[in-house]
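Here are the chains, one letter per residue:
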Amino acid sequence: MVIYGTGLLAGCYLAGVFLGDLLGEVIGVEANVGGVGIAMLFLILASDALIKRGRIKPVTRQGVAFWSAIYIPVIVAMAARQDVVAALDGGVMAFTAGALAVVACFLLVPVLSRLGGSGEPLPEPDTAGDA
Amino acid sequence: MSPLDTLARVLEGNGLVTAFAFVGIVIWVSYLVSDLLTGGRIHGSAIAILGGLALAWLGGTATGGSRGLADISVLSGVGLMGGGMLRDFTIVATAFGVNFDEIRKAGVGAAISLVVGVLGSFVVGAAVAFVFGYRDAVSMTTIGAGAATYIVGPVTGSAIGASSDVIALSIAAGLVKSMMVMTGTPFVAKAIGLNNAKSAMVFGGLMGTTSGVAGGLAATDPRLVPYGAMTATFYTGLGCLLGPSVFYFVMRALVGG
């Protein structure tokens, strides 16, 4: 059933966000620490185990696949609700600070990616733009 | 009641569904623009994200609110659709079927990138603040924290007692960063080797802004999203931890008071 997939996803999400909040409280910061990342790890491990045992039916997979595919539209909606006016109102200093931080980090990506050997490029995409 | 009033009532009363329809149209137009005007060279989702930001600017200008298009009442559902809950839920969904070995292989590099990313943004932001005449430790720390993310900035600023205009500047710096990562990533992806799981994880750790990383990678290659997002979600927590403590103490030692 489709809901088994969505239910598994929701369970991993809630467990991860819960642990992220707990972690934030333990180290004393007012933020969720890695909740989404932890949730992703749970989903990866759970799906790995279930797929290996052949316990995931294609229809169950659809219950996750839909949410994964709706991701880009959600990101577009997220962009549409940003406080762009405030960002532009920050003036030259805010713009310079944000922009230089981005440029510096862009430049560091190839440097740090080489640590411990470069990664293998993903294969050429077969379906471009199936958002 | 005129039919237009009735339509507005229906759209407002069904906000999330209205948002689905609206975003669908935005993406359809964006792919048309991508095909017809750029010959497919600029990816449709990059144009859609840019379009979303432009619409947010229009919404913010029209209403004076802080939530972009979502402050226009018939489009309030865009706020729910693009809010933290659905964003994080769909990000987690992208992890389904990801290869765990890839993540283990990138583990050390990704962890280093988190620390380098947070500290690097702090230093760059604080240096810019210094150049623009903010020479006290509290302001430099707060603006440096804003250059990390627009959440780390205000959290750090309130913790060390920064004034509200400095906190507003730190939020603006973080917003600029997030939007630049969203729109700039597809254009630099090739030059910085952003075509594999490992560099995507390093990228997420260096940039840190979850919205920026999520949007930027989505417009580059959606298959990179889960890797970048996974490390990026640790960044804000780390920044909130280091900002008001280590970073503030170092700043105070350097510039005094």
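Remember, predicted model here, so these are calculated numbers, not experimental data.

Novice: Quick question: what am I supposed to make of the overall build of chain A here?
Specialist: When helices and strands are tallied, chain A shows six helices and zero strands. The order of α-helices and β-strands along chain A, N terminus first, is α-α-α-α-α-α. By residue count, 47% of the 131 residues in chain A fall in the buried class. A sequence separation of at least 24 residues applies to 56% of the contacts in chain A between residues at least 6 apart.

Novice: Can you walk me through the overall build of chain B in this structure?
Specialist: A count of helices and strands for chain B gives 12 helices and zero strands. For chain B, the α and β elements follow one another from N to C terminus as α-α-α-α-α-α-α-α-α-α-α-α. Counting only C-alpha atoms and orienting by the principal axes, one finds that chain B spans roughly 65 × 45 × 30 Å. Classification of the 257 residues of chain B by burial places 59% in the buried group. Put simply, of all contacts in chain B between residues at least 6 apart along the chain, 65% involve residues at least 24 apart.

Novice: So what exactly am I meant to see when it comes to the interface of chain B and chain A here?
Specialist: Interfaces are often sized by the amount of accessible area the parts lose when they come together. Opposite the 103 residues of chain B that make contact, chain A presents 71 residues. Along the lines of polarity and charge, the residues of the side of chain B that touches chain A split into 64 nonpolar, 32 polar and seven charged.

Novice: When you look at helix α5 (residues 84-93) of chain B in this model, what are you seeing that I'm missing?
Specialist: One turn of an α-helix holds 3.6 residues; hence residues three or four places apart share an orientation. Counting buried positions along α5 of chain B yields eight of 10 residues, so the element is predominantly enclosed. For α5 of chain B, every residue scored as buried is listed here: Leu86, Arg87, Asp88, Phe89, Thr90, Ile91, Val92 and Ala93 of chain B.

Novice: Help me understand the domain arrangement of chain B in this model?
Specialist: Residues and elements named next belong to chain B. Per the domain assignment, the segments making up chain B are domain 1 (3-82) and domain 2 (101-255). Computed over C-alpha atoms only, the centres of domain 1 and domain 2 are separated by 27 Å. Facing the six residues of domain 1 at the interface are seven residues of domain 2. Of the residues in the side of domain 1 that touches domain 2, the class split is four nonpolar, two polar and no charged.

Novice: For this particular structure, what's the right way to read the environment of Leu119 of chain B?
Specialist: Residues and elements named next belong to chain B. For Leu119, the position within the fold is in helix α6 (residues 100-131). For Leu119, a count of 18 C-beta atoms within 10 Å puts it in the partly exposed group. C-alpha of Leu119 to C-alpha of Phe247: the two residues are 128 residues apart in sequence and 8.3 Å apart in space.

Novice: Please clarify how the packing of helix α4 (residues 71-80) of chain A against helix α11 (residues 210-220) of chain B should be interpreted in this entry.
Specialist: How two helices sit against one another is set out by the angle between their axes and by the gap between those axes. As a packed pair, α4 of chain A and α11 of chain B sit with axes 10 Å apart at the nearest point and diverge in direction by 130°. Classified by the interaxial angle, the pair formed by α4 of chain A and α11 of chain B is oblique. In this structure, the crossing between α4 of chain A and α11 of chain B has a hand that is left-handed. Note on element contacts: α11 of chain B touches α4 of chain A through Ser211, Ala214, Gly215 and Ala218 of chain B, opposite Tyr71, Ile72, Ile75, Met78 and Ala79 of chain A.

Novice: What is the right way to read the nonpolar core from this model?
Specialist: Here is a general trend for soluble globular proteins: nonpolar side chains tend to be buried in one another's company. If you look at the biggest cluster of nonpolar residues, it comprises 125 residues, and the most contacted ones within it are Ala39, Leu43, Ile75 and Val76 of chain A together with Ile49 and Val92 of chain B. Among the elements that line this core, the one with the most residues is helix α12 (residues 225-255) of chain B, at 14 residues. Beyond its immediate sequence surroundings of up to four residues, Val76 of chain A is in contact with Val23, Val26, Ile27, Ala48, Ile49 and Gly52 of chain B.

Novice: Teacher, can you tell me more about the environment of Asp221 of chain B here?
Specialist: Residues and elements named next belong to chain B. Turning to its location among the elements, Asp221 is positioned in the loop between α11 and α12. On the basis of neighbour counts, which here come to 18 C-beta atoms within 10 Å, the residue Asp221 falls in the partly exposed class. Here the alpha-carbon distance between Asp221 and Ser158, two residues 63 residues apart in the chain, equals 37 Å.

Novice: I keep staring at the packing of α6 of chain B against helix α10 (residues 197-207) of chain B and nothing clicks. Help me out?
Specialist: Residues and elements named next belong to chain B. Where α6 contacts α10, the two axes come as close as 7 Å, and the packing angle between them is 25°. Taken together, α6 and α10 sit at an angle that is classed as roughly parallel. Two packed elements cross with a definite hand, and for α6 against α10 that hand is right-handed. For the pair formed by α6 and α10, the contact residues are Glu102, Lys105, Ala106, Gly109, Ala110, Ser113, Leu114, Val116 and Gly117 on the first element and Ala197, Lys198, Met201, Val202, Gly205, Leu206 and Met207 on the second. Of the residues in the contact of α6 with α10, the class split is nine nonpolar, four polar and three charged.

Novice: Any chance you could explain the confidence of the model for chain A here in plain terms?
Specialist: Interpretation of the predicted coordinates at a detailed level should be avoided for regions scoring low in pLDDT. All names here are of chain A. Scored by pLDDT, chain A has a mean of 83; 88% of the residues are at 70 or more. Mean pLDDT across the elements of chain A ranges from a minimum in helix α5 (residues 84-89), with 78, to a maximum in helix α1 (residues 2-27), with 91. Confidence over residues 127-131 falls short of pLDDT 50; this stretch has seven contacts with residues more than four positions distant or in other chains.

Novice: Looking at this structure, how should I read α12 of chain B?
Specialist: At Gly243 of chain B, α12 of chain B is deflected by roughly 50°, the largest bend along its length, and proline Pro244 of chain B occurs up to four residues later in sequence. At the C-terminal side of α12 of chain B, Gly256 of chain B shows a positive phi close to 75°.

Novice: For this particular structure, what's the right way to read the domain arrangement of chain A?
Specialist: For chain A, the assigned domains read domain 1 (2-70) and domain 2 (83-114). A C-alpha centroid distance of 31 Å is found between domain 1 of chain A and domain 2 of chain A.

Novice: Looking at this structure, how should I read the confidence of the model for chain B?
Specialist: Of the residues in chain B, 100% reach a pLDDT of 70 or more, and the chain-wide mean stands at 87. Predicted complex metrics record ipTM = 0.85 and pTM = 0.80.

The rules behind the values
Residues numbered from 1 in each chain as written. Chains lettered and ligands numbered in written order. Predicted model: local features only at pLDDT ≥ 70, side-chain atom pairs only at ≥ 80, totals over all residues. Helix = DSSP H or I, 4+ residues; strand = E, 2+ residues; numbered from the N terminus. Buried ≥ 20, exposed ≤ 12 C-beta atoms within 10 Å, placed from the backbone. Contact = placed C-beta atoms within 7 Å. Nonpolar A, V, L, I, M, F, W, Y, C, P; charged D, E, K, R; others polar. Domains from an automatic or database assignment. Axes fitted to C-alpha atoms, helices over the stretch in contact; angles between N-to-C directions. Parallel < 35°, antiparallel > 145°, perpendicular 65-115°, else oblique. Left-handed = near helix turned anticlockwise from the far one by under 90°. Core = buried A, V, L, I, M, F, W, Y, C linked by C-beta atoms within 7 Å. pLDDT = per-residue confidence, 0-100. Bend = angle between axes of the 7 residues up to and from the residue.

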